[in-house]
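One letter stands for each residue in the lines below.
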Amino acid sequence: MNTYILGIESSCDETSAAVLNGTRLCSNIIASQKVHEKYGGVVPELASRAHQQNIIPVIDTAIKEANINKNELQAVAFTRGPGLLGSLLVGTSFAKAFSMAMDIPMVEVDHMDAHILAHFITDEQHKKVPEFPFLCLTVSGGHTQIVLVKDYFDMNIIGQTIDDAAGETFDKAAKIMGLPYPGGPVIDKLAQQGDPFAFQFAEPRIPDLNYSFSGLKTSILYFLRDELKKDEQFIEKHKANLCASIQHTIVDLLMKKLILASKQTGIRQVAIAGGVSANSGLHQAMQQAAAENKWEIYIPKLSYSTDNAAMIAVAGYFKYKQNLFADHNTTPYARQSIKK
Ligand code: KG4
Ligand code: ZN
């Protein structure tokens with residue numbers, strides 16, 4: 001039997017809509033907002049305006065590309081939070097209106113749960129899914145967490161950043177070097193031609209499974225300030241080596257705690273999720289850790305790692321099966337829900 005779910009994602013600067021049949025992908029449309037590039041970061045007011053312009057054409061395209069009629073949809077799943085409130089309101093309001101007009105239930109989804117549940121989307125190339133329990137390093141622009149995933153909606157955060165997120169660190173390092181936003185993919189590309197051991201930066205000593213990235217950011221800032229005093233062309237001359245060294249430092253910090261988490265819990269099924277999980281240095285480090293620690297690893301494909309609605313639809317599908325529906329008074333939340 002078909003179970004068509006429409007997913008809507010509008011938490012930050014991507015307007016996305018997807019249709020899934022159960023866990024199987026039928027379409028996943030992502031409209032990235034270019035308007036923020038010249039500001040070097042997401043401007044909330046511009047983001048909500050762009051969502052308003054994009055949402056109807058994006059949803060229309062997702063339904064057409066899935067080759068179904070909108071009457072065949074059984075539920076609409078939407079991101080309730082965390083994210084930018086104005087942006088979340090656009091997706092939430094659309095979901096409410098659509099649910100009423102089509103007389104179908106709506107399902108609220110937590111954005112961070114959805115990044116993890118993206119591993120359960122199946123398509124032609126992707127059929128292998130993790131088994132419970134598994135560990136997931138969730139690394140995005142706003143979050144850095146090690147999550148113990150016991151079931152679809154039974155997750156515990158066992159480690160997290162006490163200050164900046166990993167994605168934020170990539171973005172800030174790029175900004176310091178005068179590279180465009182978002183910095184993560186730019187650093188990743190340049191790093192491929194550089195030496196990861198060319199420069200060393202201060203590594204934090206944070207206990208347990210927690211992270212800290214603010215010291216690294218300051219260390220990069222001071223290092224470049226000092227070098228630029230001696231040679232104002234320093235960044236230009238050493239761009240690839242700087243990117244490779246910064247990326248290596250961030251990945252190394254992420255992996256050390258992830259390996260520790262696996263040792264402490266005895267869990268060797270290990271996944272990564274979120275925008276930073278697109279990073280090629282992190283992919284290599286995961287392959288290496290898998291070989292050394294006998295891990296079974298799960299790396300999402302690019303279109304499921306950065307923000308997308310397919311992950312919202314798959315999380316929505318699992319809730320739909322359990323009859324976990326939202327009511328029409330539901331309002332978005334900006335910060336991660338307190339359930340964890
Ligand atoms: O999950 P995401 O798309 O949005 C949030 O929920 O935050 O993550 C965005 C973050 C940005 O900080 C971006 O620079 C980073 O993911 N990112 C990367 C790469 N692609 C995206 N960081 C490192 N390497 C990449 N290839
Ligand atoms: Zn995200």
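Residues numbered from 1 in each chain as written. Chains lettered and ligands numbered in written order. Predicted model: local features only at pLDDT ≥ 70, side-chain atom pairs only at ≥ 80, totals over all residues. Heavy atoms only, no water.

**Topic: helix α1 (residues 44-65)**
Over its 22 residues, α1 extends 29 Å from the first C-alpha to the last, a length consistent with the 32 Å expected when each residue adds 1.5 Å. At N54, α1 shows its largest kink, close to 40°, and the proline P57 lies no more than four residues downstream. Of all the positions in α1, only L46, A47, S48, A50, H51, N54, I55, V58, I59, A62 and I63 are classed as buried. Buried-residue contacts for α1 involve β1 (4-9), β2 (14-21), β3 (24-32), β4 (73-81) and α2 (85-102). Where α1 ends, the next residue or the one after it, N67, has phi of about 65°, a positive value. (Helix = DSSP H or I, 4+ residues; strand = E, 2+ residues; numbered from the N terminus. Expected span 1.5 Å × (residues − 1). Bend = angle between axes of the 7 residues up to and from the residue. Buried < 20%, exposed > 50% of the residue type's maximum accessible area, 1.4 Å probe, protein only. Contact = heavy atoms within 4.5 Å.)

**Focus on the packing of helix α6 (residues 214-230) against helix α7 (residues 234-265)**
One can describe the packing of α6 onto α7 by two numbers: an axis separation of 12 Å at closest approach and a directional angle of 160°. As the angle between them shows, α6 and α7 are arranged roughly antiparallel. Once α6 is placed against α7, the crossing between them reads as right-handed. Contact residues: L216, I220, F223, L224, E227 and L228 in α6; F234, I235, L242, I246, T249, I250 and L253 in α7. Tallied by class, residues from the contact of α6 with α7 come to 11 nonpolar, one polar and one charged. (Axes fitted to C-alpha atoms, helices over the stretch in contact; angles between N-to-C directions. Parallel < 35°, antiparallel > 145°, perpendicular 65-115°, else oblique. Left-handed = near helix turned anticlockwise from the far one by under 90°. Nonpolar A, V, L, I, M, F, W, Y, C, P; charged D, E, K, R; others polar.)

**Brief notes about the pattern of salt bridges**
For the structure shown, the criterion picks out 15 salt bridges. When the shortest N-O distance is used, the salt bridge between R49 and E45 registers 3.4 Å. A residue pair is termed a helical-turn pair when its members lie 3 or 4 positions apart in one helix, as R49 and E45 do in helix α1 at four residues. Note that E108 and R80 form a salt bridge whose closest N and O atoms lie 3.0 Å from each other. With a gap of 28 residues between them, E108 in strand β5 (residues 106-110) and R80 in strand β4 connect regions that are remote in the sequence. (Salt bridge = Lys/Arg side-chain N within 4 Å of Asp/Glu carboxyl O.)

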